[in-house]
Amino acid sequence: MDFSRNEIIAEPLPVIMKPTLELPITLRPPEMEEVPMNSSVKERLELRKTAKIVEGFKILPKDNNPEHEELAFNFYAEININNSRLWNLILELTNQLPDEISLIFNHSDCEPEYGKYSDKNQTLEFLAKYETEIISDTFIDIGMIFHSDSELIEIFVPESKYIKFWGIDQQSFLESMNKFDLKEIEGIEFVDEYPKVREPLRLFNENTTDSNEMIELLRTSFK
């Protein structure tokens, strides 16, 4: 095809994709055909398309909830991070904990169970053997806590695999966020605010420990 020398051929504009969070392979939004027509779930799925589910965090001061008044923490944070980086962030945040900690674990939707206080490094060495289960098994909640009369520090990873953090030293926490280039994001949202589908980890990796076996293993080792 011939073009005059004055004709301008426009280059196609680049497609700008909205950044999204890398989820574990076991967690996804439902497909439209998996939800009833004209349901609130379908409406939430449509809203999820523009949700701010991205890497970053929000941080909140201790609120005036009477149930929290006696708890010795200064701030609370929720953190989104790509699933492939989750374990390393957990390790980084354990630097906020003292040398003796208690493990928290439970089947999702069940009451948390607390382990006896144990050496932090030994606990982390044990958990490292099950890194895949910790970051990818969406039927297990797990965390670590130190709680005394003067301090409450807790790292908790719920079934949707982001981090909830209760802390004392906010500046130290922010330094940890900077190491991972995580920013405070206004209006950040989390995957469990929207409909989701959880699938067993063993469907994707037969060499992992089953959820029920994992809970029993933690009970045997830490309670």
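Residues numbered from 1 in each chain as written. Predicted model: local features only at pLDDT ≥ 70, side-chain atom pairs only at ≥ 80, totals over all residues. Heavy atoms only, no water.

Trainee: Is there a simple way to think about helix α3 (residues 120-128) in this case?
Mentor: For an α-helix the count is 3.6 residues per turn, leaving residues at separations of three or four pointing the same way. Taken together, the buried positions of α3 are occupied by K120, T123, L124, F126 and L127. Taken end-on, α3 shows its buried residues confined to a sector of 160°, consistent with a single buried face. Along α3, exposed side chains directed more than 90 degrees from the buried face belong to Q122 and E125. Elements in contact with the buried residues of α3: α2 (83-93), β4 (100-107), β6 (118-119), α4 (131-136), β7 (140-147) and α6 (211-222). (Buried < 20%, exposed > 50% of the residue type's maximum accessible area, 1.4 Å probe, protein only. Helix = DSSP H or I, 4+ residues; strand = E, 2+ residues; numbered from the N terminus. Arc of directions from axis to C-beta. Contact = heavy atoms within 4.5 Å.)

Trainee: Explain the pattern of salt bridges to me, please; I cannot follow it from the model alone.
Mentor: When charged atoms on two side chains of opposite charge get close, those side chains can pair. Here the structure, examined in full by the defined rule, presents 13 salt bridges. The closest approach of N and O atoms between E159 and R198, which form a salt bridge, is 4.0 Å. Within this pair, whereas E159 is found in the loop between β8 (152-157) and β9 (163-167), its partner R198 is found in strand β10 (residues 197-198), the two being separated by 39 residues in sequence. According to the relative accessible area criterion, R198 is partly exposed, its value standing at 25%. A salt bridge links E216 to R219, with the shortest nitrogen-to-oxygen separation between them at 2.3 Å. With E216 and R219 both in helix α6, this residue pair falls three residues apart, about one helical turn. The class of R219 is partly exposed, set by a relative accessible area of 28%. One continuous salt-bridge network, built from bridges that share partners, spans D109, E159, K196 and R198. (Salt bridge = Lys/Arg side-chain N within 4 Å of Asp/Glu carboxyl O.)

Trainee: What exactly am I supposed to notice about the packing of aromatic side chains here?
Mentor: The relation between two aromatic rings is expressed through the spacing of the ring centres and the mutual angle of the planes. Inspection of every chain in the model, using the stated rule, returns nine aromatic pairs. Geometrically, the ring pair formed by F57 and F173 is edge-to-face, given 5.7 Å between the ring centres and 90° between the ring planes. Taken together, the residues span a long stretch of sequence, with F57 in strand β2 (residues 56-61) and F173 in helix α5 (residues 170-179) at a distance of 116 residues. The same class applies to F57 as to F173, namely buried. Where F126 meets Y130, the ring centres are 5.5 Å apart and the plane angle is 45°; that geometry is what we call tilted. Comparing F126 with Y130, the two get one shared label, buried. Through a chain of ring-to-ring contacts, three or more aromatic side chains come together here, namely F57, F75, F165 and F173. (Phe/Tyr/Trp six-rings, centres within 6.5 Å; stacked < 30°, edge-to-face > 60°.)

Trainee: Help me understand the packing of α3 against α6 in this model?
Mentor: Each pair of packed helices gets described by two things: the angle between the helix axes and the distance between those axes. It is at 13 Å that the axes of α3 and α6 come closest, and there the two elements cross at 155°. Accordingly, the angle class assigned to the pair α3 and α6 is roughly antiparallel. Along this stretch, α3 crosses α6, giving a crossing that reads as right-handed. Mapping the contact onto sequence places T123, F126 and L127 in α3 and L217, L218, S221 and F222 in α6. Split into classes, the residues belonging to the contact of α3 with α6 amount to five nonpolar, two polar and no charged. (Axes fitted to C-alpha atoms, helices over the stretch in contact; angles between N-to-C directions. Parallel < 35°, antiparallel > 145°, perpendicular 65-115°, else oblique. Left-handed = near helix turned anticlockwise from the far one by under 90°. Nonpolar A, V, L, I, M, F, W, Y, C, P; charged D, E, K, R; others polar.)

Trainee: Hey, could you run me through the nonpolar core in this one?
Mentor: Nonpolar side chains tend to gather and get buried jointly when the protein is soluble and globular. Counting residues in hydrophobic clusters, the biggest one holds 38 residues, and the most contacted among them are I163 and F173. It is α2 that contributes the most residues to this core, five residues altogether. F73, I145, F156 and W166 belong to the second-largest nonpolar core, a separate cluster that totals seven residues. (Core = buried A, V, L, I, M, F, W, Y, C linked by side-chain atoms within 4.5 Å.)

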